[in-house]
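If you want the building blocks of each chain, they are given just below.
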Amino acid sequence: MKTLKDFNFENKKAIIRVDFNVPLNDKFEVTDATRIEAAKSTIIKVLEDGGSCVLMSHLGRPKGKQNEFSLQHIVAKVKEIIGVNVKFVEDCIGDKAEQAVANLEKGEVLLLENLRFYEEEKKGDIAFAKKLSKLGDIYINDAFGTAHRAHASTTIIAQFFEENKCFGNLLAREIESIDKVLNNSEKPVLAILGGAKVSSKITVIENILDKVDHLIIGGGMSFTFIKAQGGTVGDSICEDDKMELALNILKQAKEKGVEVHIPVDVIAADDFSNTANTQILDINAIPEGWQGLDAGPKSRENFDVVVNKCKTILWNGPLGVFEMETFSGGTIALGHSIDKATKNGAFSLVGGGDSVAAVKQFGFAEKVSYVSTGGGAMLEMLEGKALPGIEAILK
Ligand code: AMP
C-alpha cells in the first residue's frame, strides 16, 4: 500500500482529492470544519517536503455551475486551518486551471473549483479525468467519504499516474483501522450494530459473522429479531418481511460460534415523541400502543459486560432514537462502556452515518480509538466490497 512515506514531494506538485464537502450556513460560512482539519496532515507533509498542493473536491449537489456551491466560500476557512495562503481558481480543468497550477510555487496551496460543476465528474468520464491529471505530478487520494464511488477524481484519474499515486494520511488511517477490525484483530472481537432497519445492514451482518466473536444487535433492528422469535413488539419499528432472514442470521451465528446479544428490556413510549409517556418493559412483551425507542437498564448492563470482555470493538448505529433526549440514554451508556474498554486497551472503531453523529454529540469522539469519516464508504468496506477509489491506487 503506497502512502505519503513513499514519496519526497520536493519541487513536485501534488494533486490531492480531498473531501471538503462541508456544511455551510445561509451566509456561506463553514459550520463544521472537521473534514478540512482531517486533510491537514497530508497537505502539511507535501508542503514540508518542499512541494505544492493542488486541492480538488466536490461540494454539495450542484446542477451545473451554481454559485451557492462554489468552493470559493471555503477558501478563508482552509487558509485558517492549514495556516498558509490558499489560492483559488474558478475552474477545475482547462486553461485557467492549468495556468494557475503553472504559477504555483513551492510551499503554496491552490484550491480548484467544485468538481461537480461538471457532470463528467460523477460519470467517471475518462477525458475529464485526463484533464484533471494534467494538474499535478503525483496523485494523492485522501477522500474516504467518496472512495466507494468510481468518479473521475476519485478513481478514473489514477490510471494517468502509473507509479506516482498514493493514499493520503487520512485515507491510509481509515483503511488501516478497518483492517485492524476485520482482518488483524485482537480477540475477542465485537461488532455492535444498531440503527433503524435490518434491511440496510444485512450484507454487513453477513460479512462480519465470519470475523467476530460477539454481535450486539440493538436499536430499531432488534424488534425484527424479537418478533421473529415469538416476542410481542407492540408498535415498535419492525420489518415483518425480514423475520425469516433474522432467524437465518441467528442460525448462521450459532453455526459460526458467534454469540449474539439482543436487548432484554426497552424504554417504551406511547408516542414517537420526546415528551411521550414512558415505561420500562420486557422487550418480548410490548403491548399495542407502545413502542420501544431505547435500550432498557438491564440491556445496558448486559452490553457493558460484553463490551468490556472484548479487545476489538466496532460500533455502527445507535441503540435508540438518540436524537430525542428521552431515548438517548442507551446510546450514551454504550459510549461510556466503549470508553472504559478503550482505556483498558481495546481498539474501538466507530463508523457509518448516525453513530458518528452520536459519538460527536455526546463527546465520545476523542475517547474511542478511531472515528471513521466516511459513512457509505465504511459500510461498503464492512460489507466486504472492494472500493473503486482504493483499488485504483493499489493497481
Ligand atoms: P441507521 O441510519 O440505520 O444507523 O439508523 C439510525 C437511526 O435509527 C437513528 O435516526 C435512530 O433514531 C433510529 N433508531 C434507533 N433505534 C430506534 C428505535 N428503537 N425505533 C426507531 N428508530 C430507531
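Please refer to the structure placed before this passage.
All values reported here derive from a predicted model rather than from experimental measurement.

Colleague: Which parts of the structure should I look at to understand a positive patch on the surface?
Modeller: Side chains of Arg-61, Lys-63, Lys-122 and Arg-149 sit close together on the surface and give a patch of like positive charge. Relative to the helices and strands, Arg-61 is located in the loop between β2 (52-56) and α2 (75-82). Judged by relative accessible area, which is 69%, Arg-61 ranks as exposed.

Colleague: Looking at this structure, I do not really get the sheet that holds β2. What am I missing?
Modeller: Adjacent strands of a sheet form backbone hydrogen bonds with each other and so pair up, either parallel or antiparallel. Spatially, β3-β4-β2-β1-β5-β6 is the arrangement adopted by the six strands of the open sheet, whose pairing is parallel. Here the strands that pair on one side only, and so sit at the sheet edges, are β3 (86-89) and β6 (165-167). Taking the axes of each pair of neighbouring strands and ignoring which way they run, one obtains an average angle of 25° across the sheet. Relative to strand β4 (residues 109-112), β3 is paired through four bridges, and the arrangement is parallel.

Colleague: Is there a simple way to think about empty space enclosed by the protein in this case?
Modeller: Over the atoms rolls a probe the size of a water molecule, and in doing so it shows where empty space is left. Evaluated as defined, the whole model comprises one cavity of 30 Å³ or more. In this structure, the largest cavity spans a volume of roughly 40 Å³. For the largest cavity, the full set of lining residues is Asp-19, Arg-35, Ala-38, Phe-144, Gly-145, Leu-170 and Thr-373. Here the lining of the largest cavity is composed, by residue class, of three nonpolar, two polar and two charged.

Colleague: Explain the site of the ligand here, please?
Modeller: For the ligand, the set of nearby residues contains 16 residues, the closest of which are Ala-196, Lys-201, Gly-292, Glu-323 and Asp-354. Between the ligand and Gly-292 there is a distance of 3.0 Å, counted from a nitrogen atom to a backbone nitrogen or oxygen. Here Glu-323 contributes a side-chain N or O atom positioned 2.5 Å from an oxygen atom of the ligand. Coverage of the ligand by the protein amounts to 81% of the 500 Å² it exposes when considered alone.

What counts, and at which threshold
Residues numbered from 1 in each chain as written. Predicted model: local features only at pLDDT ≥ 70, side-chain atom pairs only at ≥ 80, totals over all residues. Heavy atoms only, no water. Patch = residues over 30% accessible without salt bridge, like charges linked within 9 Å, V, L, I, M, F, W, Y side chains within 5 Å. Areas by Shrake-Rupley, 256 points an atom, 1.4 Å probe, with all protein chains shown as cover. Salt bridge = Lys/Arg side-chain N within 4 Å of Asp/Glu carboxyl O. Lys, Arg positive; Asp, Glu negative; His and termini not counted. Charge placed at Lys NZ, Arg CZ, Asp CG, Glu CD. Helix = DSSP H or I, 4+ residues; strand = E, 2+ residues; numbered from the N terminus. Buried < 20%, exposed > 50% of the residue type's maximum accessible area, 1.4 Å probe, protein only. Pairing = 2+ DSSP bridges. Axes fitted to C-alpha atoms, helices over the stretch in contact; angles between N-to-C directions. 1 Å grid on protein atoms, 1.4 Å probe; cavity = no way out; pocket = protein on both sides within 12 Å on 5 of 7 lines; lining within 4 Å. Points joined across faces, edges and corners; volume = space filled by probe spheres on them. Nonpolar A, V, L, I, M, F, W, Y, C, P; charged D, E, K, R; others polar. Near = heavy atom within 4 Å. Polar contact = N/O pair within 3.5 Å; in protein donor to acceptor, adjacent residues only side chain to side chain.

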